[in-house]
Amino acid sequence: MTTVVTVVGARPQFIKAAPVSRALRARATEVLVHTGQHYDAAMSDVFFAELDLPQPDVNLGIGSGPHGRQTGAMLTAIEAVLVETRPDWLMVYGDTNSTLAGALAAVKLGIPVAHVEAGLRSFNWAMPEEHNRRLTDHCASLLFCPTGTAVANLRREGIDDGVHLIGDVMFDAVRHFGERAAAPGRRRALGIDSGPYALLTVHRPANADDPRRLRAILDGAARLDMPVVFPVHPRTRAALAALDHPAVHLDTPTDDPAARQSGDANRPIRCRLPVGYLDMLALESNARMILTDSGGVQKEAYFCGVPCVTLRAETEWVETLVDGWNVLADADPDRIVAAAQRPKPSARPAPVFGDGHAAVRIVDALLGAPLAAR
Ligand code: UD1
Ligand code: UDP
């Protein structure tokens, strides 16, 4: 039986791996390796519990750190797993440091690499994700692209072999879990059944680690004519406390006194701990609009038919911009407010992210492909 080592480590990778792991385990042996890049219960455990994802076979426990140290520690530890396991394939997702470490460890051992969500490009070389995705694509023997744009990006870099247009595994996940997320009672438990609200997420270093940009985003969000629900990524939590923005109610329970802030619960931007995937789908699908710098959240807004304002100057997911479902507002308060006030598009979101069966196509290609590293 074909053996596949899957390397995951960050929140969106647990979500992407869930549908693929289910399809894979029906027909092959999977060894699931968690690098430990994300480790808080709300950033990791909750997804394994909710998404029927098996517990990792190995947790490397690498944790946080500067890019070089974190990626290097992962590379060393993944290499040891691969030497012991000798899998037929190494599978990685997306564009995090865990993705790059897995791809590098495998390619140097002559183990073929399969990359899910290949071909995405922001053309912004200041983003750590752009380094990770470009380098991973150039290590991969199988490149699973969610969109035609991704296929074209790879072709421009001279990569044609092993490229498969299969649709988006995050759309598979929404199709599979959407009903559970819509269960009665969830809206009340989340406190979102009493009127319109906007949903906000911010975690890109360019926004979270730059007080000027973070303040500008909050200034824009505070001017909306509805409350803003803000599940806060841990990278952003301390920055918010330090900023002490007058519109932000930071009631996140924490043991860190530096991150504690008393606040008036009537302030428009209401922070909370990161939520699980099912709660997040409920928050997204019931929101009047979504403001985000997340890749996954931009797509989910589109899947749910909720207008999105992207807090960046560019996006990898250019399909979401068509018909005005998504608008780039960067970190500019006036552009954020203008984008949030635009009318909801009348056209339905186009089915450009596949048919919800991307995971099965991945497994078909993986089991049918010749076993050779690039
Ligand atoms: C990482 C990915 C990013 C992805 C995001 C998904 C890289 C370079 N970045 O960014 O592409 O969009 O995950 O969420 O791989 N922290 C905690 N608890 C945790 C995890 C992180 O407190 O469980 C804090 C630590 O202070 C850490 C910081 O968050 O230093 C950043 O974590 P890290 O994994 O380095 O990057 P992300 O911003 O999460
Ligand atoms: N997500 C979640 N809880 C949250 C915020 C996000 O479950 O509090 C989910 C979201 O629905 C999406 C994924 O995490 O599926 C996106 O991850 P993130 O924004 O951290 O990273 P990115 O997609 O930008 O790499």
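Notes on the structure follow. (Residues numbered from 1 in each chain as written. Chains lettered and ligands numbered in written order. Predicted model: local features only at pLDDT ≥ 70, side-chain atom pairs only at ≥ 80, totals over all residues. Heavy atoms only, no water.)

**Overview of the site of ligand 1**
- Taken together, 19 residues lie near ligand 1, and His-38, Asn-97, Glu-129, His-203 and Arg-235 sit nearest.
- Contact distances for ligand 1 include 2.9 Å between an oxygen atom and a side-chain N or O atom of Gln-37.
- In the environment of ligand 1, an oxygen atom lies 2.9 Å from a nitrogen or oxygen atom belonging to the backbone of Tyr-39.
- Counting only elements with at least two residues in the shell around ligand 1, the list comes to helix H5 (128-139) and helix H11 (234-243).
- The residue makeup of the shell around ligand 1, split by class, is 6 nonpolar, 8 polar and 5 charged. (Near = heavy atom within 4 Å. Polar contact = N/O pair within 3.5 Å; in protein donor to acceptor, adjacent residues only side chain to side chain. Helix = DSSP H or I, 4+ residues; strand = E, 2+ residues; numbered from the N terminus. Nonpolar A, V, L, I, M, F, W, Y, C, P; charged D, E, K, R; others polar.)

**Some details on the side chain of Arg-312**
- Within the secondary structure layout, Arg-312 lies in the loop between strand E13 (308-310) and strand E14 (326-328).
- Excluding residues that lie within four positions of it along the chain, Arg-312 makes contacts with Ser-122, Met-127, Arg-204, Asp-293, Gln-298, Leu-328, Ala-329 and Asp-330. (Contact = heavy atoms within 4.5 Å.)

**Some words on the site of ligand 2**
- Lining the immediate environment of ligand 2, one finds 19 residues, of which Arg-204, Val-275, Ser-294, Gly-296 and Glu-300 sit closest.
- The separation between an oxygen atom of ligand 2 and a polar main-chain atom of Gly-295 is 2.9 Å.
- Here an oxygen atom of ligand 2 sits 2.5 Å away from a polar atom, N or O, in the side chain of Glu-300.
- Notes on ligand 2: free accessible area 540 Å², of which the protein chains cover 95%.
- When residues of the shell around ligand 2 are traced back to their parent elements, those giving at least two are helix H1 (11-25), helix H12 (277-286) and helix H13 (295-304).
- Looking at which element gives the most residues to the shell around ligand 2, the answer is H13, with 4 residues. (Areas by Shrake-Rupley, 256 points an atom, 1.4 Å probe, with all protein chains shown as cover.)

**Quick word on unusual backbone geometry**
- Residues other than glycine seldom take positive phi values, yet Asp-323 does so here, at roughly 65°.
- Counting through the fold element by element, Asp-323 comes out in the loop between E13 and E14.
- The phi dihedral of Asp-330 is positive, around 55°, even though this residue is not glycine.
- With respect to the secondary-structure elements, Asp-330 resides in the loop between E14 and helix H14 (333-341).

**Observations concerning the pattern of salt bridges**
- Within the structure shown, the criterion is met by 24 salt bridges.
- Between Asp-95 and Arg-133 there is a salt bridge; the shortest N-O distance is 2.9 Å. Highlighted residues: Asp-95 in the loop between strand E4 (89-93) and helix H4 (97-108) and Arg-133 in helix H5, separated in sequence by 38 residues.
- Overall, Asp-95 belongs to the buried group, its relative accessible area being 17%.
- Overall, the relative accessible area of 4% leaves Arg-133 in the buried class.
- Its salt-bridge partner being Glu-157, residue Arg-121 comes within 2.7 Å of it at the nearest N-O pair. Of the two residues, Arg-121 is situated in the loop between strand E5 (113-116) and H5 and Glu-157 in the loop between helix H6 (148-156) and strand E7 (163-165); the sequence distance between them amounts to 36 residues.
- Residue class for Glu-157 comes out partly exposed when judged on its relative accessible area of 24%. (Salt bridge = Lys/Arg side-chain N within 4 Å of Asp/Glu carboxyl O. Buried < 20%, exposed > 50% of the residue type's maximum accessible area, 1.4 Å probe, protein only.)

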